[in-house]
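# Chain and residue survey
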Amino acid sequence: MGNVTCDVAVSVDGFSSRPDQTLEHPFGEGVDLHRWMTETADENAAEMEAIVAAGAFVMGRNMFTPGRGEWDLGWRGWWGPEPPYHGPVFVLTHHPREPLVMEGGTTFFFVTDGIESAVAQAREAAGDRDVSIAGGAATINQALAAGLLDELRLHVVPQALGHGDRVLDGVPPLAFETVAVRAASLVTHVTYRVLGPLG
């Protein structure tokens, strides 16, 4: 069985997005924490490859859609007809929806019974490969609080957003071990192993 990992781009003050999400601004207006993926892709190729290398993924509803409430069944995600996951993705939601099959091997499954169920389903689907918690911050924090995450990979961008959705908010005290740190021109990649409750 693989590990449960998480990759998330964050500002230096720990925010991964703002709550004013729209179709035009998936992470909130004025938020650009992913320039390193487009402008310096070659420099960060190993980290970008690791982000989508898992055998299955878990994400919150806001990572899949800006919509709230009942589903807009015409909405098929932010990524176009071929999302980058190429595997099963388990989306946390309060509203049931039939699985959504996309090009390139990605199928979105919609899970209404919580983070533990989503991770268990993802583990089964992934087999011996890792499971990735794809975000957003609330989903990452739920996984940390439930003791489900083995490795946290922060991609720290030199910006301070000041407010928004913060990774590690509401998480009980935890101990981490630093596994790797690599500074690039637009981002610093930090990998932590989650050791468990502090103290």
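This text follows the structure it describes.
Calculation rules
- Here, residues in each chain are numbered from 1, in the same order as that chain's written sequence.
- This being a predicted model, a pLDDT of at least 70 is required before a residue's local features are given, and a value of 80 or more before pairs of side-chain atoms are given or counted; all residues contribute to the totals for chains, interfaces and linings.
- With hydrogens and water excluded, all non-hydrogen atoms of the structure serve as input to the side-chain values.
- Paired rings are identified among Phe, Tyr and Trp, the last through its six-membered ring, by centres lying within 6.5 Å, and are further divided according to the angle between planes into stacked (under 30 degrees), edge-to-face (over 60) and tilted (the rest).
- A run of H or I in DSSP becomes a helix once it reaches four residues, and a run of E becomes a strand once it reaches two; helices and strands are each numbered from the N terminus.
- Classification of residues uses two cut-offs on accessible area relative to the type maximum, computed with a 1.4 Å probe and protein chains only: under 20% is buried, over 50% is exposed, and between them is partly exposed.
- For two strands to be treated as a pair, DSSP must find at least two bridges joining them.

Bringing the packing of aromatic side chains into the picture now. Inspection of the entire model under this criterion finds 11 aromatic pairs. Between the aromatic rings of Phe-64 and Phe-110, the centroid separation amounts to 5.5 Å while the plane-to-plane angle is 75°, which identifies the pairing as edge-to-face. Placement of Phe-64 in helix 3 (residues 61-64) and of Phe-110 in strand 6 (residues 107-111) is noted, with a sequence separation of 46 residues between them. Both residues of the pair, Phe-64 and Phe-110, belong to the buried class. Site record: aromatic cluster; members linked through ring pairs are Phe-57, Phe-64, Trp-71, Trp-79, Tyr-85, Phe-108 and Phe-110.

A few words now on the pairing of strand 1 (residues 4-11). For strand 1, the tally of buried residues reaches 8 of 8 residues, placing the bulk of the element in the interior. Of the two faces of strand 1, both are covered, the one formed by Val-4, Cys-6, Val-8 and Val-10 as well as the one formed by Thr-5, Asp-7, Ala-9 and Ser-11. Note that strand 1 and strand 7 (residues 131-135) share 3 bridges and pair parallel. When the bridges of strand 7 are listed, Val-4 appears paired with Val-131. As defined by bridge partners, strand 1 adjoins strand 8 (residues 151-157) across 7 bridges and the pair is classed as parallel. Of the residues in strand 8, the one forming a bridge with Ala-9 is His-155.

Function cannot be inferred from these measures alone, as they are strictly geometric.
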